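# Descriptive structure summary
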Amino acid sequence: MPRSEPIKAVRGVRDILPAEMPVWRAAQAGAAAVARRYGYEEIITPIIEHAELIERVGEDTDAVAKELYRFDDRGGRNLALRPEATAGVVRAYFEGALNQGAQPSRLYLFGPMFRYDRPQKGRYRQFYQFNVEAIGSAAPGLDTEVVELAGDWLNEVGLQDLRLELNTIGDGKCRPPYLERLKEYYRPLKSQLGGDSQLRLERNPLRLLDSKVPQEQPFKNGAPKIIDHLCDECAEHWSSVRRLLDAASIEYQLNPYLVRGLDYYTRTVFEFYPGGATGQQDALASGGRYDGLAEAEGWPSTPGVGFAGGLDRVTELIAAAGSELTTSSPADVLVLPDGELAVEAAEVARICRAVRSVAVDYEAKSLRAKMRSANKLGARWVVLISAEDAARRVAQLREMSTGDQVELAWVELPTRLA
Ligand code: AMP
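Fair warning: this is a prediction, and the values are worked out from it, not measured in the lab.

What the protein chain contains, in helices and strands, is 15 helices and 16 strands. Radius of gyration (C-alpha) of the protein chain: 28 Å, far over the 22 Å computed for a compact globule of 418 residues. If one aligns the C-alpha atoms of the protein chain with their principal axes, the spans along those axes are about 90 × 60 × 45 Å. Within the protein chain, buried positions represent 49% of all 418 residues. Considering only residue pairs separated by 6 or more positions, the protein chain has 69% of its internal contacts joining residues 24 or more positions apart. A total accessible area of about 20800 Å² is found for the protein chain, and carbon and sulfur atoms account for 51% of it. Placing the 52 positive and 60 negative side-chain charges of the protein chain at their respective mean positions leaves the two points 4 Å apart.

The tally for this structure, following the rule as stated, stands at 26 salt bridges. Notably, a salt bridge pairs Arg77 with Asp73, separated by 2.9 Å at the nearest N-O pair. On the basis of relative accessibility, which here comes to 45%, the residue Arg77 falls in the partly exposed class. In this structure, the salt-bridge partner of Asp291 is Arg289, at a minimum N-O distance of 2.8 Å. Judged by relative accessible area, Asp291 falls into the buried class, the value being 18%.

Taken together, the five strands give an open sheet; going across it, the order is β13-β12-β14-β15-β16, and neighbouring strands pair in mixed fashion. This sheet does not close on itself; its edge strands, each paired only once, are β13 (358-360) and β16 (405-409). Averaged over neighbouring strand pairs, the angle between their axes works out to 25° when direction is ignored. Direction of pairing for strand β12 (residues 333-337) relative to β13: parallel, over a ladder of three bridges. By the bridge assignment for β13, Leu334 is matched with Ala359.

On to the layout of surface pockets, then. One number sums up the size of the second largest pocket: a volume of about 280 Å³. What lines the second largest pocket is a set of 14 residues, and nearest its centre among them are Leu162, Leu164, Ile250, Glu251 and Phe272. Those elements that place two or more of their residues in the lining of the second largest pocket are α5 (140-156) and β7 (162-168). A total of five residues in the lining of the second largest pocket trace back to one element, the largest contributor, which is α5. Tallied by class, residues from the lining of the second largest pocket come to six nonpolar, four polar and four charged.

Reading the values: the criteria
- Residues numbered from 1 in each chain as written.
- Predicted model: local features only at pLDDT ≥ 70, side-chain atom pairs only at ≥ 80, totals over all residues.
- Heavy atoms only, no water.
- Helix = DSSP H or I, 4+ residues; strand = E, 2+ residues; numbered from the N terminus.
- Rg over C-alpha atoms; globule rule 2.2 N^0.38 Å.
- Buried < 20%, exposed > 50% of the residue type's maximum accessible area, 1.4 Å probe, protein only.
- Contact = heavy atoms within 4.5 Å.
- Areas by Shrake-Rupley, 256 points an atom, 1.4 Å probe, with all protein chains shown as cover.
- Lys, Arg positive; Asp, Glu negative; His and termini not counted.
- Charge placed at Lys NZ, Arg CZ, Asp CG, Glu CD.
- Salt bridge = Lys/Arg side-chain N within 4 Å of Asp/Glu carboxyl O.
- Pairing = 2+ DSSP bridges.
- Axes fitted to C-alpha atoms, helices over the stretch in contact; angles between N-to-C directions.
- 1 Å grid on protein atoms, 1.4 Å probe; cavity = no way out; pocket = protein on both sides within 12 Å on 5 of 7 lines; lining within 4 Å.
- Points joined across faces, edges and corners; volume = space filled by probe spheres on them.
- Nonpolar A, V, L, I, M, F, W, Y, C, P; charged D, E, K, R; others polar.

Structure below.
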């Protein structure tokens, strides 16, 4: 008979195994605790959205143009696996009538995102984000608030050595004329640009500023900076955000080349990196203002600001920092019946679960083999049951670390284990 290969995971995705869970739980618990401390409420939105929702708000971005997981469902609907969460959260804000409640709506979300990018360390096709969104206010205080929240989260999970980069990208009023200047600057250089940048020159010139192509780096220095071309409103907003960050003693570096591929982003953009890291794929959290998003989705124009933190990268860093988090045994107690005592073993386990986590070894194997399983599991106690014990409704409770063993009635077990 031909033997087929075992079926492995899809390229670019991975399993988060139990041994990694303490770090994941710490990253998520820290995120939820910090978000709640700032008055944010949790929301869950679907992983699938109409492809049109995603495409309308990001046609010129890599995440949508090149990396979108798009498919037709059985009813012929054109759907996408979300590449980011903000579009869906803003949709939910209107559909769920959160726009009728207290403004701004402060929301946070955990969940998987999907991008068909080239996989490498720190870059997966299914990855997880912690998202924070404040929708319904244009106040600069909120830009600072989400920056501060992101920093607090990273600190809370033990990442202290961070670099915050900050920029503004203007709005629908001052960005278009700025983009014209940028195009004028780059047009004579077109033949010296790479293929992607040549296309971007006319379609999405802002992206020329965050190009990673080595030969294009020298051109950036002479490029016009949007900071010098802000309209009065954007300049005022920008100076307020910076004043508030200074008042909060939040250190940042101005990076005139920090932009967003998504058109609906306006004004503030920011990114947190581990100290010393330079590559884009090292960013731990990225965010900014998106005052144009709601309208791009067909809803009434509504401002918003937020960020997305990458749980895959944050957990990798926490693990690399060798934090104290260790895996605990999945069960404190292992019930080891001798022979055909499944009914009795299940009953004893049920009794002990009143006070402890309990597993049962139902396999028919020697007592010695069962004790090996108990050691592997890391159980603190084993409860041994023989046929004679079962008949008298007693068991032998053994403490693994000392080897001490006592006979107890089943009903006495919870008091002893508590
Ligand atoms: P973005 O939505 O591209 O601004 O990304 C927000 C954050 O999500 C980044 O700062 C990363 O930490 C994380 N991230 C983005 N893309 C990936 C990916 N392919 N794999 C793992 N993490 C990612």
